[in-house]
Amino acid sequence: MRTRLLPLLITLMAAVLLTLGFPLAVSVAAAEQQRLVIDRIDDTARFAALAQSITDTVPATDERRLTLATDLEVYASVYGIRAGIFYRNDLALAKAPDGWLLPAEGEGRTAFSEALLGRRSHDPPQVWPWQDGRVVVASPVVRDGDVVAVVVIDSPTDGMRSRILRTWLLIAVGEALAMLVAVGAAVRLTGWVLLPVRVLDAATHDIAVGRMRSRVAASGGPPELRRLARSFNEMADNVEDVLEQQRAFVADASHQLRNPLAALLLRIELLALELPEGNEEIAAVRTEGKRLARVLDDLLDLALAEHTEADLQLTDIVPLTAERVASWRPMADEKGVHLFQDGAPAATAWADPTALSSALDAVIDNALKFTPAGQDVRVTVVPGATATTVVVADRGPGLTEQELERVGDRFWRSTRHQNVSGSGLGLSISRVLLAAGGGSITYERHEPHGLRVTVSVPRELPQIP
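The rules behind these values
Residues numbered from 1 in each chain as written. Predicted model: local features only at pLDDT ≥ 70, side-chain atom pairs only at ≥ 80, totals over all residues. Heavy atoms only, no water. UniProt positions renumbered as here; feature names shortened; annotations may be inferred. Core = buried A, V, L, I, M, F, W, Y, C linked by side-chain atoms within 4.5 Å. Buried < 20%, exposed > 50% of the residue type's maximum accessible area, 1.4 Å probe, protein only. Helix = DSSP H or I, 4+ residues; strand = E, 2+ residues; numbered from the N terminus. Contact = heavy atoms within 4.5 Å. Pairing = 2+ DSSP bridges. Axes fitted to C-alpha atoms, helices over the stretch in contact; angles between N-to-C directions. Phe/Tyr/Trp six-rings, centres within 6.5 Å; stacked < 30°, edge-to-face > 60°. Lys NZ or Arg CZ within 6 Å of the ring centre and 35° of its normal.

The protein has the name histidine kinase in an unreviewed UniProt entry, where Streptomyces microflavus is given as its organism. Word for word, the UniProt comment on the protein under Subcellular location (unreviewed entry) is "Cell membrane".

In structure tokens, the structure reads:
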């Protein structure tokens, strides 16, 4: 979500800054040119006032005419600006520099024609920093209500364009700094908004994998997310209470049913004494009664496993596995199955020895049940970077892909193995015991046939709430 929200905020902030920056840059350029035009208008008004009393009949040696020519030359030499007073027939009353002529077309001619109508020329078009343009301003010289001449000033724009460019650079630097501040604010804002979401996601994952005590600290982020965190904690408390009630009910029901079941089995045995020996019906009743007793015992073990916290210790997995293999070897020899252990000589991990032993018992027992005589059951200890694994591989009939998705579910048993004794809870109990200590159990096919069960325990102490 951060990768989607952060670019969106940055894009919006960049759009806002650009929306403000472009009009500001345009207004700066317009203001610079307007100041230049106003200065030139003042200059044309001054020259028009000087030329107002000079007629075309005044000799070139007249002091007023010489003064006007001198002012124009000084003006052109100091500022580098072309200026002149032209009669209606384009002849020059005075001009500087001497080689400058009134253009026949273009902005200069347009401004001259507008001034002949008795008004100041319109503002010239905007000159941008990348254009090599000039600003032409013209004002009429009016005598007795008639336009007798026109003052034309043709000004270069190098200085104006340089000032505009410098101002634009300052605006760009300001925009860049503002963008950096906006990015920093967006990062902080997204972090502030998404931190409760990440915490909530982590707590949800913990609860999904069975760590029901995980909760969210409703102390940061927007008010809506704080309310969501409080609602999540209330929901988690209610779910934990319901699960605790279910565990307690299963444990109580299993415990309470054991005594009536024991009494019922005793009555069945007493009844069997009154029936002929080898009666098939009474034998079937005995079998079902014993199976029911095993189911109740497994239900009680499952309820206790879900309620018990793991006692994690740094354990050498190899001797613990060897002990369990040795305890099951007599049963393997009785069935004619070859049970042996190999792998690393030593491998440590954090595990609850009792829980790991129970899980290995369930897995090895399951492997021996389904492995025919003359086949192997191999138990291998493999140390890894993050976990130590115990792999139990058998050569039984194995499971299909669909059955692999169901194996380990409570009370689930393959339809092909219904005649094999068991309650379908052994592997479920193993999974619960391992998960309490940060471990796991997985299943896969063992080619060409058989089942490979991998029991994993962490190499580093897990953080379990």
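So that's the structure; there's more coming.
1. Quick word on the nonpolar core
Formed by 34 residues in total, the largest nonpolar core has its most connected members in Leu339, Leu356, Tyr443 and Val455. If you list the elements that add at least two residues to this core, you get helix 7 (317-335), strand 7 (348-351), helix 8 (353-370), strand 8 (376-383), strand 9 (387-394), helix 10 (426-436), strand 10 (440-445) and strand 11 (451-458). Here this core takes seven residues from helix 8, the largest share from any one element. Among all residues touching Val455, those that are not within four sequence positions of it are Leu356, Leu360, Val363, Thr388, Thr389, Val390, Leu434, Ser440 and Ile441. Among the nonpolar cores identified, the runner-up in size contains 19 residues, and Leu72, Leu93, Ala94 and Val151 belong to it.

2. Regarding the sheet that holds strand 6 (residues 338-343)
Strand order across the open sheet formed by five strands is 6-8-9-11-10, with mixed pairing between neighbours. Because the sheet does not close on itself, it has two edges, and the strands there are strand 6 and strand 10. Here the average twist between neighbouring strands, direction ignored, is 15°. Of the pairings in the sheet, the one linking strand 8 to strand 9 comprises seven bridges and is antiparallel in character. Among the inter-strand pairings, Arg378 is bridged to a residue of strand 9, identified as Ala393. Seen against the sheet, helix 7 touches strand 6, strand 8, strand 9 and strand 11 and runs at an angle of roughly 170° to strand 6.

3. Brief notes about the packing of aromatic side chains
Using the criterion set out here, one finds six aromatic pairs in the structure. Taken together, a centroid distance of 5.3 Å and an interplanar angle of 55° make the contact between Tyr75 and Tyr79 tilted. With Tyr75 and Tyr79 both in helix 2 (residues 63-79) and four residues apart, the pair spans about one turn of that helix. By relative accessible area, which is 5% here, Tyr75 ends up buried. Ring plane angle 80° and centroid distance 5.5 Å describe the contact between Phe86 and Trp100, whose orientation is recorded as edge-to-face. Placement of the pair is Phe86 in strand 1 (residues 82-87) and Trp100 in the loop between strand 2 (92-96) and helix 3 (107-116), with a sequence separation of 14 residues. You can call Phe86 buried: its relative accessible area is 1%. Each residue in the set Phe47, Tyr75 and Tyr79 is aromatic and connected to the rest through ring pairs, giving one cluster. Between the NZ or CZ atom of Arg46 and the centre of the ring of Phe47, over which it lies, the distance is 4.5 Å.

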